[in-house]
Number of protein chains: 2
Amino acid sequence: MKATVFFGARSFEHEVSIVSAIVLRDVLALDFVFIDKMGEMYAIDSANMQAKTFASGAYKNAPKLTFTHGGLLQKGLLKSHFVPVSLALNLVHGAEGEDGKLTALFEFFHIPYIGPRLEASILSYNKELTKLYAASKDVPTLPYSIIRRGDSIAEPPPFILKPLHLGSSIGISVVKDSKELDYALDVAFEFDDTILLEPFKQGIKEYNLAGCHAGGEWHLSIIEEPQKGEILDFEKKYLDFSRRDSVQKAQISPELESTIIKYFQKIYANCFEGALIRCDFFVQDDCVYLNEINPVPGSLAHYLFTDFRAVFAALGSSLPKVRNVPIQYLFINQIRNAKGK
Amino acid sequence: MKATVFFGARSFEHEVSIVSAIVLRDVLALDFVFIDKMGEMYAIDSANMQAKTFASGAYKNAPKLTFTHGGLLQKGLLKSHFVPVSLALNLVHGAEGEDGKLTALFEFFHIPYIGPRLEASILSYNKELTKLYAASKDVPTLPYSIIRRGDSIAEPPPFILKPLHLGSSIGISVVKDSKELDYALDVAFEFDDTILLEPFKQGIKEYNLAGCHAGGEWHLSIIEEPQKGEILDFEKKYLDFSRRDSVQKAQISPELESTIIKYFQKIYANCFEGALIRCDFFVQDDCVYLNEINPVPGSLAHYLFTDFRAVFAALGSSLPKVRNVPIQYLFINQIRNAKGK
């Protein structure tokens, strides 16, 4: 089944989403719907899936789309025509994609989709809720405190400041000395009104695992130890999302591997069905902590799977069922009948 | 400012939402948008705001609407015309209204609205998340366990079973004897895949407080001790939502009143701004527990306020600001410039 990928949108990760979609074009058969910063949607031809289409504004020459029941309406010269969407793929990173907005649109317009459901979105988008949710599943996370404007900070450095929301490393600073605090706060508050403070642990290891539960079984990627270092430009991001042969399985003990897998499955179960997610873990002194849940990983972390197409197909064909809500006006008719109306 | 009320939708409380909107017609100046069970929207004339309009299907003669940037498109014979919405009011109870879907639509289409934001929706719609959130704010709730199909239940009766989601008393049973268990589980599982179990406490008292924070100050209702007993039909629900003179302030100590108000404010702050909510509390042995957060109370609990119109106006004119997301293609242009393209 050919999926329709939605990307872009009013997010700090708008451009990363464009990279993500361009890379996926070479991995899956897809139709492309670009959401621009105003929320307008355009049907982008596969051949035009290049950075310059978006940066130059040339995408505005593509046919405009709006949501309708079960799909999209494509505007034509004289009239609109209906484009059914049998499977949507949410590839909007950060706000609008991961905060639940696009999800809600798919739900409201009855469009089947791969991506986090509403609760899953909110729980992974807010870093404090992620911790509360993990605690309810007995998955450890680092201790934290919440900072709002004007709060004084009791903890001594070193610590990390993170905007409470946003899905990526945007706005995050390591504060090693109290002289760095004011600037780090300014940076974080530029992106959010609430900041999460976590202890900074020297030498902590990071491991990523992606996967989903579909068709009654787990589809898990290799566990990767991501390479640190900032990704500064479009081309590097593109190369990062495109890598295939360079991905190495992390050298970890079988015990550590099994703990990471167990925590992944606890986090996923009964909440993230319908999505392919990546969980990022910290490990220090043999203790494993959930760092964050990425419910829309870059290019869906295809490079971590041996047969990504099979995983994608399994997921697309076992999406969570929508519960039927009978509306029969029994309540209203009951009184109308009693009155003989 | 005249608000546009959205009501109905694909929810078990579809009909309660209709009652809610009919009652509010006599309280506020409103325009009416009915969302039917298929998700189609109709502009309902104030004079047609009667139960029979909806039960008979007569609403389908009203002009059809669709969402667009900043408002609605109303379909006409030859062409659609734009109906701006300067202030929307979310009056959909239960699913689609309280689970975040309608909220996400308002956000996506940049329509200012009174109602819970996305996180606030998810945290109040899922009863376990409500408890986790309350714990993070040091507000007590009753202990609980989570039941899924096939789980064995260790707790002895009496206890209460509640569908994990849904905003009202639908699907809730008190199990006093283990003989009643199977039936109670069947009822609850009809509405949800996950059930919350709480101890049943004989003689526990219930108190409700509604309010909002707007224009820099708190607007709180009286504290009411709700009258128990099932509301069985449309007319009784209508009378319940319409009551004005019959509402009595609960006879409670000043200490209890101040604890209830303190807990309300803790729950509301930094999450429910933009909404008028009602919190329902339990009290036993001088301990106060949050029972549930109702982020879209029936007829917005207008009957609990001495000057509801003033509260509504204050709320409508101090909605949370949407953070601007600059999208300037710096990332893409950086590499394009470097390449001399």
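Above this note sits the structure.
What you see is a predicted model, and the numbers here were worked out from it, not measured in a lab.

*Asks:* Looking at this model, I keep getting lost on the overall build of chain A. Mind explaining?
*Replies:* Along its length, chain A carries 10 helices and 16 strands. Relative to the compact-globule value of 20 Å for 341 residues, chain A shows a C-alpha radius of gyration of 22 Å, a close match. With respect to the three principal axes, the spread of C-alpha positions in chain A is 70 × 60 × 45 Å. Residues classed as buried in chain A amount to 57% of the 341 residues present. Looking at chain A alone, contacts between residues at least 24 apart form 65% of all its contacts between residues at least 6 apart. Accessible surface computed for chain A: about 14,800 Å², of which carbon and sulfur atoms make up 50%. Between the centroid of the 36 positive side chains of chain A and the centroid of its 41 negative side chains there is a distance of 8 Å.

*Asks:* What am I meant to see in the pattern of salt bridges here?
*Replies:* Opposite charge on two side chains makes pairing possible when the charged atoms of those side chains draw close. All names here are of chain A. In the structure shown here, the tally under the stated rule is 26 salt bridges over all chains. A salt bridge links Lys 2 to Asp 31; the shortest N-O distance between them is 3.2 Å. Residue Lys 2 is found in the segment before β1 (3-8), and its partner Asp 31 is found in strand β2 (residues 30-35); the two are separated by 29 residues along the sequence. For Lys 2, a relative accessible area of 45% puts it in the partly exposed group. With its nearest N and O atoms 3.0 Å apart, the salt bridge here joins Arg 243 to Asp 240. Three or more residues joined by partner-sharing salt bridges are found here, namely Lys 131, Lys 162 and Glu 198.

*Asks:* I'm lost on the side chain of His 165 of chain B in this one. Help?
*Replies:* By the secondary structure assignment, His 165 of chain B is in the loop between β10 (159-163) and β11 (173-175). For His 165 of chain B, a relative accessible area of 17% corresponds to the buried category. Aside from chain neighbours lying at most four places away, what touches His 165 of chain B is Glu 119 of chain A together with Tyr 125, Asn 126, Lys 127 and Asp 192 of chain B.

*Asks:* How should I be thinking about the side chain of Ser 221 of chain B in this particular structure?
*Replies:* As for its position among the elements, Ser 221 of chain B is in the loop between β14 (217-220) and α7 (234-242). Discounting chain neighbours no more than four positions away, the residues touching Ser 221 of chain B are Leu 209, Ala 210, Leu 304 and Phe 305 of chain B.

*Asks:* Would you take a moment to explain the sheet that holds strand β3 (residues 41-44) of chain B for this structure?
*Replies:* Strand pairing in a sheet relies on backbone hydrogen bonds. The paired strands run either parallel or antiparallel. All names here are of chain B. Read across the sheet, eight strands follow the order β6-β5-β4-β3-β2-β1-β7-β8 without closing on themselves; strand pairing throughout is mixed. Every interior strand has two partners, whereas the edge strands, β6 (81-84) and β8 (113-114), have only one. Strands in contact with helix α3 (residues 101-108) are β1 (3-8), β2 (30-35), β4 (64-68), β7 (88-90) and β8; relative to β7, the strand with the most contacts, it is inclined by about 165°.

*Asks:* Would you mind going over the packing of aromatic side chains with me for this structure?
*Replies:* When we look at a pair of aromatic rings, we describe it by the centre distance and by the angle of the planes. Inspection of the entire model under this criterion finds 43 aromatic pairs over all chains. Consider the rings of Phe 305 of chain A and Phe 308 of chain A, whose centres lie 5.9 Å apart with planes at 55°: the pair is tilted. Across this residue pair, the class does not change: Phe 305 of chain A and Phe 308 of chain A are buried. By the ring-pair criterion, three or more aromatic residues cluster together here, those being Phe 6, Phe 67, Phe 106, Phe 108, Phe 109 and Tyr 113 of chain A together with Phe 6, Phe 67, Phe 106, Phe 108, Phe 109 and Tyr 113 of chain B. Over the ring of Tyr 113 of chain A we find Arg 117 of chain A; its NZ or CZ atom is 3.8 Å from the centre of that ring.

*Asks:* Would you mind going over the pairing of strand β15 (residues 277-284) of chain B with me for this structure?
*Replies:* It is a general feature of regular strands that their side chains alternate between the two faces of the sheet. All names here are of chain B. With respect to burial, β15 is a largely interior element, eight of its eight residues being buried. Side chains of β15 alternate between two faces, with Ile 277, Cys 279, Phe 281 and Val 283 and Arg 278, Asp 280, Phe 282 and Gln 284 buried alike. Note that β15 and strand β16 (residues 287-294) share seven bridges and pair antiparallel. Looking at the pairing, Gln 284 lines up with Cys 287 of β16.

*Asks:* Please clarify how the interface of chain A and chain B should be interpreted in this entry.
*Replies:* By a widely used convention, the size of an interface equals the accessible area lost when the partners come together. Counting residues at the interface gives 68 residues for chain A, matched by 68 residues for chain B. Carbon and sulfur atoms supply 65% of the area buried between chain A and chain B, which totals about 6,000 Å² over both sides. Between the two partners, chain A and chain B, sit zero salt bridges. The interface formed by chain A and chain B contains six residue pairs in polar contact (both at pLDDT 80 or more). Sorting elements by how many residues they give to the side of chain A that touches chain B places helix α10 (residues 330-338) of chain A first, with seven residues. Among the residues forming the side of chain A that touches chain B, the class breakdown is 34 nonpolar, 13 polar and 21 charged.

*Asks:* Is there a simple way to explain unusual backbone geometry in this structure?
*Replies:* Note on backbone geometry: most residues besides glycine have negative phi, and most peptide bonds are trans. Note the cis peptide between Pro 157 of chain A and Pro 158 of chain A, where omega equals 5°. Relative to the elements of secondary structure, Pro 158 of chain A occurs in the loop between β9 (145-148) and β10 (159-163). Unusually for a residue other than glycine, Ser 299 of chain A sits at a positive phi of about 45°. Summarising the element assignment, Ser 299 of chain A is placed in the loop between β16 (287-294) and α9 (308-316). Residue classification places Ser 299 of chain A among the buried positions, given a relative accessible area of 0%. Residues other than glycine seldom take positive phi values, yet Asp 138 of chain B does so here, at roughly 60°. Here Asp 138 of chain B shows up in the loop between α5 (127-136) and β9 (145-148). Given the relative accessible area of 58%, Asp 138 of chain B is considered exposed.

*Asks:* Sorry, what's going on with helix α3 (residues 101-108) of chain A here?
*Replies:* Every α-helix winds through 3.6 residues per turn, so residues three or four apart in the chain are directed the same way. Taking burial as the measure, the eight residues of α3 of chain A include eight buried ones, the bulk of the element. Downstream of α3 of chain A by one or two residues, His 110 of chain A has phi in the positive range, about 60°.

*Asks:* I keep staring at the packing of helix α4 (residues 118-125) of chain A against helix α4 (residues 118-125) of chain B and nothing clicks. Help me out?
*Replies:* Each pair of packed helices gets described by two things: the angle between the helix axes and the distance between those axes. It is at 10 Å that the axes of α4 of chain A and α4 of chain B come closest, and there the two elements cross at 115°. With respect to each other, α4 of chain A and α4 of chain B are oriented roughly perpendicular. Between α4 of chain A and α4 of chain B lies a crossing whose hand is left-handed. The segment α4 of chain A lies against α4 of chain B, with Leu 118, Glu 119 and Ile 122 of chain A engaging Leu 118, Glu 119 and Ile 122 of chain B. For the contact of α4 of chain A with α4 of chain B, the per-class residue count stands at four nonpolar, no polar and two charged.

The rules behind the values
- Residues numbered from 1 in each chain as written.
- Chains lettered and ligands numbered in written order.
- Predicted model: local features only at pLDDT ≥ 70, side-chain atom pairs only at ≥ 80, totals over all residues.
- Heavy atoms only, no water.
- Helix = DSSP H or I, 4+ residues; strand = E, 2+ residues; numbered from the N terminus.
- Rg over C-alpha atoms; globule rule 2.2 N^0.38 Å.
- Buried < 20%, exposed > 50% of the residue type's maximum accessible area, 1.4 Å probe, protein only.
- Contact = heavy atoms within 4.5 Å.
- Areas by Shrake-Rupley, 256 points an atom, 1.4 Å probe, with all protein chains shown as cover.
- Lys, Arg positive; Asp, Glu negative; His and termini not counted.
- Charge placed at Lys NZ, Arg CZ, Asp CG, Glu CD.
- Salt bridge = Lys/Arg side-chain N within 4 Å of Asp/Glu carboxyl O.
- Pairing = 2+ DSSP bridges.
- Axes fitted to C-alpha atoms, helices over the stretch in contact; angles between N-to-C directions.
- Phe/Tyr/Trp six-rings, centres within 6.5 Å; stacked < 30°, edge-to-face > 60°.
- Lys NZ or Arg CZ within 6 Å of the ring centre and 35° of its normal.
- Buried area = accessible area lost by both parts, 1.4 Å probe.
- Polar contact = N/O pair within 3.5 Å; in protein donor to acceptor, adjacent residues only side chain to side chain.
- Nonpolar A, V, L, I, M, F, W, Y, C, P; charged D, E, K, R; others polar.
- Parallel < 35°, antiparallel > 145°, perpendicular 65-115°, else oblique.
- Left-handed = near helix turned anticlockwise from the far one by under 90°.

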